[in-house]
Amino acid sequence: MILYYVRHGDPIYDPDSLTELGQKQALALSKRFAKYGLDEIYSSSSVRAMQTAQPTAKLLGKDITVFDWAHENNAWVKMSVQKENRRIWGFQDKETISKFNSFDVFNMGKNWYNHPYFVDTEFKAFTCSINEKVDEFLFSLGYAHDRENNVYKAVKRNSKKIALFAHQGIGMSILSSILDIPYPLFSTHFDLSHSSVTAIYFDEKSEYVVPKVLQLANDSHLYKEEVNCKYNNMYEV
């Protein structure tokens, strides 16, 4: 099985939608996925995520299954921090980044959220919640997560191609959960640009599977269709 995690296209956050550029990015994505096909399409319940998924669903003749749990707002209220008169993602805040990468937090591994640094946050509650949702989702696809040993048991082996269209912020929690990489490390060392595709391979030949990242935040579809390729509209990479 290959699981594609797709961040939505260039957004308008209020009202929730895509810009003209975001719509072009979504169309470019649909052509990419049409080349190899998808078996199932899932999306966050946000408008911008669904609008990103719709061209692909239309081109492939597939329905979109909508997940409320994958909506960005669920992570925003739990994994952001208050800084003076505004909130900011923890993984974008200099002070929190420093704590995330400290020796003490690093040594706690997947139990990082129990560190005294985070006692007054909701990091633990949300991380545990998203772990449950991720495990339910992957079990429905045929893979039972053994978190103690950082592997999956293939209860129903398959070679399907699955796409989940969602967000950057909650994506940090979802991907770190799928890959058994502690959130502080994943969220501060990796990023997801608009309409980027992360491909994760679950070996259908093995009974016990360690998912492997084949591509992280790939945006080759934008180059193919000559759509703006600047990382989040900020700089060229």
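This text goes with the structure placed above it.
Bear in mind that the values here come from a model prediction, so they are computed numbers and not experimental data. (Residues numbered from 1 in each chain as written. Predicted model: local features only at pLDDT ≥ 70, side-chain atom pairs only at ≥ 80, totals over all residues. Heavy atoms only, no water.)

**Looking at the overall build of the chain**
Counting its secondary structure elements, the chain contains 9 helices and 13 strands. Across the 237 residues that make up the chain, the buried fraction comes to 50%. For the chain, the accessible area works out to roughly 11,800 Å², and carbon and sulfur atoms hold 50% of it. The centroid of the 27 positive side-chain charges in the chain is displaced by 4 Å from the centroid of its 29 negative side-chain charges. (Helix = DSSP H or I, 4+ residues; strand = E, 2+ residues; numbered from the N terminus. Buried < 20%, exposed > 50% of the residue type's maximum accessible area, 1.4 Å probe, protein only. Areas by Shrake-Rupley, 256 points an atom, 1.4 Å probe, with all protein chains shown as cover. Lys, Arg positive; Asp, Glu negative; His and termini not counted. Charge placed at Lys NZ, Arg CZ, Asp CG, Glu CD.)

**Here's the deal with the packing of aromatic side chains**
Following the criterion strictly, the structure yields 22 aromatic pairs and no others. With centroids separated by 5.5 Å and ring planes inclined at 75°, the aromatic side chains of Trp-112 and Phe-118 adopt a geometry described as edge-to-face. Looking at Trp-112, the relative accessible area reads 2%, which means it is buried. Here a set of aromatic residues connected by ring pairs shows up, and it is made of Phe-100, Trp-112, Tyr-113, Tyr-117, Phe-118, Phe-123 and Tyr-183. (Phe/Tyr/Trp six-rings, centres within 6.5 Å; stacked < 30°, edge-to-face > 60°.)

**Some points on unusual backbone geometry**
Glycine aside, a negative phi is what most residues show, and trans is what most peptide bonds show. With an omega of 0°, the peptide bond between Asp-14 and Pro-15 qualifies as cis. Along the chain, Pro-15 falls in the loop between strand 2 (11-13) and strand 3 (16-18). Positive phi is not limited to glycine here, since Glu-84 has a value of about 55°. Here Glu-84 shows up in the loop between strand 6 (80-83) and strand 7 (86-89). Positive phi, close to 45°, is recorded for Asn-232, a residue that is not glycine.

**Focus on the environment of Glu-122**
Mapping Glu-122 onto the fold places it in the loop between helix 5 (103-107) and helix 6 (123-140). Dropping the residues within four chain positions of it, Glu-122 is found in contact with Val-77 and Lys-78. In this structure the side chain of Glu-122 is engaged in a polar contact, spanning 2.6 Å, whose partner is the side chain of Lys-78. (Contact = heavy atoms within 4.5 Å. Polar contact = N/O pair within 3.5 Å; in protein donor to acceptor, adjacent residues only side chain to side chain.)

**Digging into the pattern of salt bridges**
For the coordinates displayed, the defined rule picks out 12 salt bridges. With its nearest N and O atoms 3.0 Å apart, the salt bridge here joins Arg-147 to Asp-135. With Arg-147 in the loop between strand 8 (143-146) and strand 9 (151-154) and Asp-135 in helix 6, this pair connects stretches of sequence that are 12 residues apart. (Salt bridge = Lys/Arg side-chain N within 4 Å of Asp/Glu carboxyl O.)

**Regarding helix 7 (residues 169-179)**
The buried count for helix 7 comes to 11 of 11 residues, which makes it a mostly enclosed element. Taken as a whole, helix 7 has its buried residues at Gly-169, Ile-170, Gly-171, Met-172, Ser-173, Ile-174, Leu-175, Ser-176, Ser-177, Ile-178 and Leu-179. Where helix 7 ends, the next residue or the one after it, Asp-180, has phi of about 60°, a positive value.

**Overview of the pairing of strand 7**
As paired elements, strand 6 and strand 7 share 4 bridges and run antiparallel to each other. Each bridged residue has a counterpart across the sheet, and for Val-81 the counterpart in strand 7 is Ile-88. Following strand 6, the chain reverses through 2 residues before pairing antiparallel with strand 7; Glu-84 in that reversal takes a positive phi of roughly 55°. (Pairing = 2+ DSSP bridges.)

**Observations concerning the environment of Gln-82**
As for its position among the elements, Gln-82 is in strand 6. On the basis of relative accessibility, which here comes to 44%, the residue Gln-82 falls in the partly exposed class. Between the C-alpha atom of Gln-82 and that of Asp-93, which follows or precedes it by 11 residues, the distance is 9.7 Å. A polar side-chain atom of Gln-82 sits 3.3 Å from a polar atom in the side chain of Arg-87.

Nothing here speaks to function; it is all geometry.
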